[in-house]
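# Structural overview
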Amino acid sequence: QVELVESGGGLVQAGGSLRLSCVASGTIFGINTMGWYRQAPGEERESVANITDYGSTVYADSVKGRFTISRDNARNTVYLQMNSLTPVDTAVYLCNLGHLDPEHGVRTFWGQGTQVTVSS
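The following refers to the structure shown. Small disclaimer: the values here were computed from a predicted structure and weren't measured. (Residues numbered from 1 in each chain as written. Predicted model: local features only at pLDDT ≥ 70, side-chain atom pairs only at ≥ 80, totals over all residues. Heavy atoms only, no water.)

### Comments concerning the nonpolar core
The cut-off we apply is this: We define a nonpolar core as any set of buried Ala, Val, Leu, Ile, Met, Phe, Trp, Tyr and Cys residues linked to one another through side-chain atoms lying within 4.5 Å. Residue exposure (1.4 Å probe, protein chains only): buried if accessible area is under 20% of the type maximum, exposed if over 50%, otherwise partly exposed. Helix and strand assignments come from DSSP, with helices taken as H or I runs of at least 4 residues and strands as E runs of at least 2, each series counted from the N terminus. When checking whether two residues touch, look at their non-hydrogen atoms; a contact exists if any pair is within 4.5 Å.
Counting residues in each nonpolar core, the largest one holds 27 residues, and the members touching the most others are Leu4, Trp36, Leu80, Met82 and Tyr93. Elements that contribute at least two residues to this core include exactly strand S1 (2–7), strand S3 (18–26), strand S4 (32–39), strand S5 (46–52), strand S7 (67–72), strand S8 (77–82), strand S9 (91–101) and strand S11 (114–119). When neighbours within four sequence positions are excluded, Leu4 is seen to be in contact with Cys22, Val23, Ala24, Met34, Cys95, Asn96, Leu97, Phe109, Trp110, Gly111 and Gln112.

Have a look at this one:
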């Protein structure tokens, strides 16, 4: 079992920045991807960015050039640096980890989420 705990959300004015963190604990297998999703009220959950255990990254078009995902494998932590925030970025941001369990195959875990609110 894997537990994910996010932090760093809050209220920020448009144009501001926030840095989200997500710490993973439990049994984490080496082949894994960590990432951030977001869900605004009345909207579907969408992928924001993800990063593999060897550092390959993928971003949603809407955040390219503004958000940066990174990870510290020694601390089982993934970060999301968010710059130039706009009200459209307002959502609950959820951390995700997917890994290859040798016994159970691919498994996915979610954090509880952290609220990001951007005021105009």
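### Things to note about the state of the cysteines
As used here, a disulfide is simply a covalent bond connecting the sulfur atoms of two cysteines. Inclusion rule: We call a pair of cysteine sulfur atoms a disulfide when they lie within 2.5 Å.
By the definition in use, this model includes one disulfide. Across the disulfide from Cys22 sits Cys95; the S-S distance is 2.1 Å. Across the S-S bond of Cys22 and Cys95 the torsion is about -85°, and the bridge reads as left-handed. With Cys22 in strand S3 and Cys95 in strand S9, the pair connects residues that are 73 residues apart, well separated along the chain. The residues Cys22 and Cys95 share a single accessibility class, namely buried.

Keep in mind these values describe shape, not function.
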